Every structure is written in structure tokens, then in C-alpha cells.
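The chain contents come next:
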Amino acid sequence: MRNLLFKNIFRAPLTETPPEGADEHLAELAAGIDRAARRRLGRSLSIRAVDAGSCNGCELEIHALNNAYYDLDRFGIRFVASPRHADVLLVTGPVTKNMQEALRRTYDATPNPKWVVAVGDCARDGGCFAGSYAVAGGVADVVPVDLHIGGCPPNPTALLQGLLALLEVTTATTAINS
Ligand code: SF4
């Protein structure tokens with residue numbers, strides 16, 4: 001027991017060191033999003049994540065934006081619990097028939113100006129779940145989409161790049177592929 005205690009006190013941490021320069025790049029992206037949001041909205045950005053039927057892979061990447069490594073909160077970019085407080089709906093997955101109405105209501109409850117970002121290959125057209133009896137289609141089949149971020153799943157950097165492009169481009173549907 002004593003040996004184990006000493007071993008745990010003196011051994012090196014098991015976590016990996018982050019890649020060189022990655023933090024600066026992420027910080028630059030997130031700060032760019034915050035600046036663009038303040039220009040467009042006069043305040044920082046609020047995001048509501050909606051899982052419309054994903055396998056949870058895209059959610060894991062979205063959740064990573066809030067972890068200690070990415071820590072989006074430090075740039076004022078927040079995930080909110082209600083669509084009534086959101087500027088952006090980040091929608092993942094194919095839209096299942098069970099979630100179709102909920103997604104529509106969430107969209108209607110989000111105040112203008114609002115943007116919808118479809119996240120992941122499934123959000124484009126149902127992806128590998130397309131054609132299932134339970135799937136209504138991609139996000140654009142249910143609510144208007146302003147940006148699609150491709151990938152299965154897209155990584156947090158691709159999500160940040162997409163959000164930045166969204167805020168900087170004023171019109172039209174944009175597509176980002178990771
Ligand atoms: S895009 Fe990939 S990770 Fe995202 S919900 Fe579809 S299968 Fe899952």
C-alpha cells in the first residue's frame with residue numbers, strides 16, 4: 001500500500017502534452033468568432049445544440065468545445081439551455097421522425113436574427129442513416145440551414161472555422177468540409 005502511494009505521488013502525469021502551436025490557432029479562431037459576433041450582434045455569441053437523432057459522435061466533438069482544452073467560454077461564446085437565448089442552432093444527426101416536430105418548434109422559438117448550422121455528414125442528407133424508416137431527412141428538409149459543416153464527425157477546429165465563416169459571410173448557404 002505504501003509503495004503504491006509513493007508511486008502515485010511521484011510518477012509523471014499520464015496526460016499527453018498538447019501539440020505545439022495548436023492553442024494559439026484555436027485561441028485566434030475563437031477570438032475571431034467573438035469579434036465577428038460583436039460586430040454582427042453587438043454582443044457575444046450564444047449557441048443552442050440540438051441532437052436531432054445523431055449517433056452521438058458529433059455531440060462528443062461539440063462537447064469538446066467546452067472542455068478544459070478548448071474552453072470556449074473564455075472567449076464569451078456560450079452554450080445555452082434554451083433556444084430563446086440562442087443566436088445559433090447547432091443541429092446534429094439525421095433528423096429522425098421523432099425529432100422533426102421538436103426541431104421545428106426549437107427553430108420557431110429562437111429569436112431573429114438566428115442561424116442554423118447543420119453539423120456532420122448525417123445532417124446534410126441523413127448520411128449513413130438515409131433511407132431508414134425512422135429518418136425524415138437532413139436538417140434542411142425540416143428547417144432552413146445557413147451553414148453545413150461536413151465530417152463524420154467534424155472536429156472542434158472545423159466547428160470553430162464554420163462558426164467564424166458563418167459570422168463573416170452575410171448571405172447564402174455556406175459549406176465547410178473537414
Ligand atoms: S456524421 Fe458521423 S458522427 Fe455525426 S451523427 Fe452521423 S454517423 Fe454520427
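Residues numbered from 1 in each chain as written. Predicted model: local features only at pLDDT ≥ 70, side-chain atom pairs only at ≥ 80, totals over all residues. Heavy atoms only, no water.

Engineer: Please explain the overall build of the chain as it appears in this structure.
Structural biologist: Regarding its fold elements, the chain presents six helices and eight strands. Mapped in sequence order, the helices and strands of the chain form the string α-α-β-α-β-β-β-α-β-α-β-β-α-β. Its C-alpha atoms put the chain at 60 × 45 × 30 Å along the principal axes. The proportion of buried residues among the 178 residues of the chain is 46%. Partitioning the contacts of the chain with sequence separation of at least 6, the portion at a separation of at least 24 is 80%. Summing over all exposed atoms, the chain offers an accessible surface of approximately 9800 Å²; the carbon and sulfur share of this is 53%. Separation of charge centres in the chain, based on 17 positive and 19 negative side chains, amounts to 6 Å. (Helix = DSSP H or I, 4+ residues; strand = E, 2+ residues; numbered from the N terminus. Buried < 20%, exposed > 50% of the residue type's maximum accessible area, 1.4 Å probe, protein only. Contact = heavy atoms within 4.5 Å. Areas by Shrake-Rupley, 256 points an atom, 1.4 Å probe, with all protein chains shown as cover. Lys, Arg positive; Asp, Glu negative; His and termini not counted. Charge placed at Lys NZ, Arg CZ, Asp CG, Glu CD.)

Engineer: I would appreciate a short explanation of the environment of S46 in the present structure.
Structural biologist: Within the secondary structure, S46 sits in strand β1 (residues 46-51). Here S46 falls in the buried class, since its relative accessible area comes to 3%. Measuring from C-alpha to C-alpha, the distance between S46 and Y69 comes to 20 Å, with 23 residues separating the pair along the chain. Aside from chain neighbours lying at most four places away, what touches S46 is R78, V80, H85, A86, D87 and V88.

Engineer: In this structure, what is going on with a nonpolar patch on the surface? I would like to understand it.
Structural biologist: Taken together, L5, F6, I9 and F10 make up a surface patch of nonpolar side chains, about 460 Å² in accessible area. The residue L5 is located in helix α1 (residues 2-10) in this model. (Patch = residues over 30% accessible without salt bridge, like charges linked within 9 Å, V, L, I, M, F, W, Y side chains within 5 Å. Salt bridge = Lys/Arg side-chain N within 4 Å of Asp/Glu carboxyl O.)

Engineer: Mind showing me how you'd approach the pattern of salt bridges here?
Structural biologist: Oppositely charged side chains may form a pair once their charged atoms are brought near each other. On inspection of all chains with the given rule, the structure shows four salt bridges. The salt bridge involving E101 is made with R104; its shortest N-O contact spans 3.3 Å. Taken together, the residues E101 and R104, both in helix α4 (residues 97-109) and three residues apart, mark about one turn of the helix. Residue classification places E101 among the partly exposed positions, given a relative accessible area of 40%. By relative accessible area, which is 33% here, R104 ends up partly exposed. In this structure, R105 engages E101 in a salt bridge whose closest nitrogen and oxygen atoms are separated by 3.3 Å. Separated by four residues within a single helix, R105 and E101 lie in helix α4, roughly one turn from each other. Given the relative accessible area of 57%, R105 is considered exposed.

Engineer: How should I be thinking about the side chain of D87 in this particular structure?
Structural biologist: Counting through the fold element by element, D87 comes out in the loop between β2 (78-79) and β3 (88-92). Polar contacts involving the side chain of D87 include one to the side chain of R43, which spans 3.0 Å. Polar side-chain contacts of D87 include one of 2.9 Å to the backbone nitrogen of S46. D87 has contacts with L41, R43, S44, L45, S46, P113, K114 and W115, leaving out every residue within four places of it along the chain. (Polar contact = N/O pair within 3.5 Å; in protein donor to acceptor, adjacent residues only side chain to side chain.)

Engineer: Is there a simple way to explain unusual backbone geometry in this structure?
Structural biologist: Outside of glycine, negative phi angles account for most residues, and trans bonds account for most peptide bonds. Cis peptide bonds are those with omega within 30 degrees of zero, and the linkage from N112 to P113 qualifies with -5°. For the bond running from C152 to P153, omega is -5°, close enough to zero to count as cis. Examined against the element boundaries, P153 turns out to sit in the loop between β7 (147-149) and α6 (156-168). Not every positive phi belongs to a glycine, and N56 is a case in point at roughly 90°. Counting through the fold element by element, N56 comes out in the loop between β1 and α3 (57-64). Among the residues examined, N56 registers a relative accessible area of 39% and is labelled partly exposed. Even without being glycine, D71 reaches a positive phi, approximately 45°. With respect to the helices and strands, the residue D71 is situated in the loop between α3 and β2.

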